[in-house]
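Listed below, chain by chain, are the residues.
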Amino acid sequence: MKILISNDDGIGSPGILLLEEVAKKFSSEVYVFAPSSNMSGAGHSLTLKSPLRLKEHDKFHYSVNGTPTDSVVMALRYLMTEKPDFVLSGINFDSNLADDITYSGTVAAVMEACLFDVPAIAFSQKMNKDGSINWEVARTYAPVVLKVIMDKFRFPKGVFLNVNFPSCDVKDVKGIRVTHQGTRIIDDHVIQSIDPRGDPYFWIGPAEYRKNDDNKDLTMDLGAVNSGYVSITPLSIDMTARSEISILNELFS
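One structure accompanies this document, and this report is about it. (Residues numbered from 1 in each chain as written. Predicted model: local features only at pLDDT ≥ 70, side-chain atom pairs only at ≥ 80, totals over all residues. Heavy atoms only, no water.)

Turning next to the packing of aromatic side chains. Enumeration over the complete set of coordinates arrives at six aromatic pairs. Here Phe86 and Phe155 contribute two aromatic rings whose centre-to-centre distance is 6.4 Å and whose plane-to-plane angle is 70°, an arrangement assigned as edge-to-face. Of this pair, Phe86 sits in strand 5 (residues 86–93) while Phe155 sits in the loop between helix 4 (136–152) and strand 7 (159–165); the two residues are 69 residues apart in sequence, bridging distant segments of the chain. Taken together through their ring pairs, the aromatic side chains of Phe86, Phe153 and Phe155 make up a single cluster. (Phe/Tyr/Trp six-rings, centres within 6.5 Å; stacked < 30°, edge-to-face > 60°. Helix = DSSP H or I, 4+ residues; strand = E, 2+ residues; numbered from the N terminus.)

Dropping the structure here:
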């Protein structure tokens with residue numbers, strides 16, 4: 001079995017090192033191909049207006065000065081002569097839940113793998129409110145999730161998985177739940193300040209709602225993780241709003 005790993009936090013991040021450790025429980029051929037620096041928030045973007053620079057660290061580890069999507073494209077189109085059996089992304093520093101997945105480079109990496117018809121799973125570990133992170137939850141439960149998925153789940157075309165681990169002690173994890181993508185109240189704010197030269201600059205920053213754990217709806221990813229569960233959400237490349245097709249057909253008939 002061949003496994004390809006990528007992420008958006010960069011080639012040397014603690015999460016990708018942990019994911020490689022977990023993947024090696026299942027395969028002796030684990031390839032890591034990731035951005036050379038942190039590309040959080042890159043979404044499903046490609047580098048089109050500048051050249052990509054590839055660095056080979058050894059025969060199993062590569063980095064590129066681009067996005068997570070670039071990394072997966074480079075790995076599948078250039079590096080690997082055969083498709084891997086799985087593409088894994090993460091483990092992201094903090095969760096990728098609800099509307100936030102649209103910005104996520106972690107999720108984008110597996111989305112790109114899905115376009116290549118490779119089974120793909122994104123993993124994210126929710127951070128604590130003080131900004132620290134407990135990797136032991138992911139270390140304990142990622143192998144459990146992978147074992148079941150690799151042995152028993154057959155990925156339909158166009159479907160990939162998004163897994164999130166809660167921010168608690170391992171002993172306090174309540175279990176694993178299959179969920180749907182949730183929604184947040186979007187309230188990202190723009191921070192304005194002045195640089196040392198006296199010129200204004202702006203920073204788009206995460207609002208405090210990201211630390212709000214009030215949502216406890218166990219049917220959605222956000223509520224399940226807030227309640228101490230590992231969340232597994234099947235996602236789809238196809239974003240068609242099928243319920244609106246008949247309405248629009250009537251309007252344009």
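Here we take up the side chain of Lys126. Mapped onto the elements, Lys126 comes out in the loop between strand 6 (120–125) and helix 4. Only 2.8 Å separates the side chain of Lys126 from the side chain of Asn226, close enough to count as a polar contact. (Polar contact = N/O pair within 3.5 Å; in protein donor to acceptor, adjacent residues only side chain to side chain.)

Attention now moves to the sheet that holds strand 1 (residues 2–6). The mixed open sheet is built from nine strands, whose spatial order is 3-4-2-1-5-6-7-11-8. A single partner strand is all that each edge strand has here, and the edge strands are strand 3 (54–58) and strand 8 (175–178). Averaged over all neighbouring strand pairs, the angle between strand axes comes to 20°, with direction disregarded. Two elements, strand 6 and strand 7, share five bridges in a ladder whose sense is parallel. Directly across from Ile121, in strand 7, lies its bridge partner Leu161. The strands that helix 1 (residues 14–23) touches are strand 1, strand 2 (29–35), strand 4 (61–64), strand 5 and strand 6; relative to strand 5, the one it contacts most, it runs at about 140°. Contacts from helix 3 (residues 105–115) reach strand 1, strand 5, strand 6, strand 7 and strand 11 (229–236) within the one sheet, and its direction differs from that of strand 6 by about 175°. (Pairing = 2+ DSSP bridges. Axes fitted to C-alpha atoms, helices over the stretch in contact; angles between N-to-C directions. Contact = heavy atoms within 4.5 Å.)

Across soluble globular proteins, nonpolar side chains show a tendency to be buried alongside one another. Counting residues in hydrophobic clusters, the biggest one holds 34 residues, and the most contacted among them are Ile5, Leu88, Ile121, Phe123, Val163 and Phe165. For this core, the secondary structure elements donating two or more residues are strand 1, helix 1, strand 2, strand 5, strand 6, helix 4, strand 7 and strand 11. The greatest single-element share of this core, amounting to eight residues, is contributed by helix 4. Sequence-distant contacts of Phe165, defined by excluding residues within four places in its chain, comprise Phe123, Ser124, Gln125, Lys126, Val137, Ala138, Tyr141, Ala142, Val225 and Val230. One finds Tyr62, Ala120, Ala122 and Leu235 within the second-largest nonpolar core, a separate group that totals 24 residues. (Core = buried A, V, L, I, M, F, W, Y, C linked by side-chain atoms within 4.5 Å. Buried < 20%, exposed > 50% of the residue type's maximum accessible area, 1.4 Å probe, protein only.)

A few words now on the layout of surface pockets. A probe as big as a water molecule, rolled over the atoms, marks out the empty space that is left. Considered as a void within the structure, the second largest pocket measures approximately 270 Å³ in volume. Ile101, Thr102, Met111, Ser236 and Met239 are, among the 14 residues lining the second largest pocket, the residues nearest its centre. For the lining of the second largest pocket, the secondary structure elements donating two or more residues are helix 3 and strand 11. With three residues, the single largest contributor to the lining of the second largest pocket is helix 3. The residue inventory of the lining of the second largest pocket, partitioned by class, reads eight nonpolar, six polar and no charged. (1 Å grid on protein atoms, 1.4 Å probe; cavity = no way out; pocket = protein on both sides within 12 Å on 5 of 7 lines; lining within 4 Å. Points joined across faces, edges and corners; volume = space filled by probe spheres on them. Nonpolar A, V, L, I, M, F, W, Y, C, P; charged D, E, K, R; others polar.)

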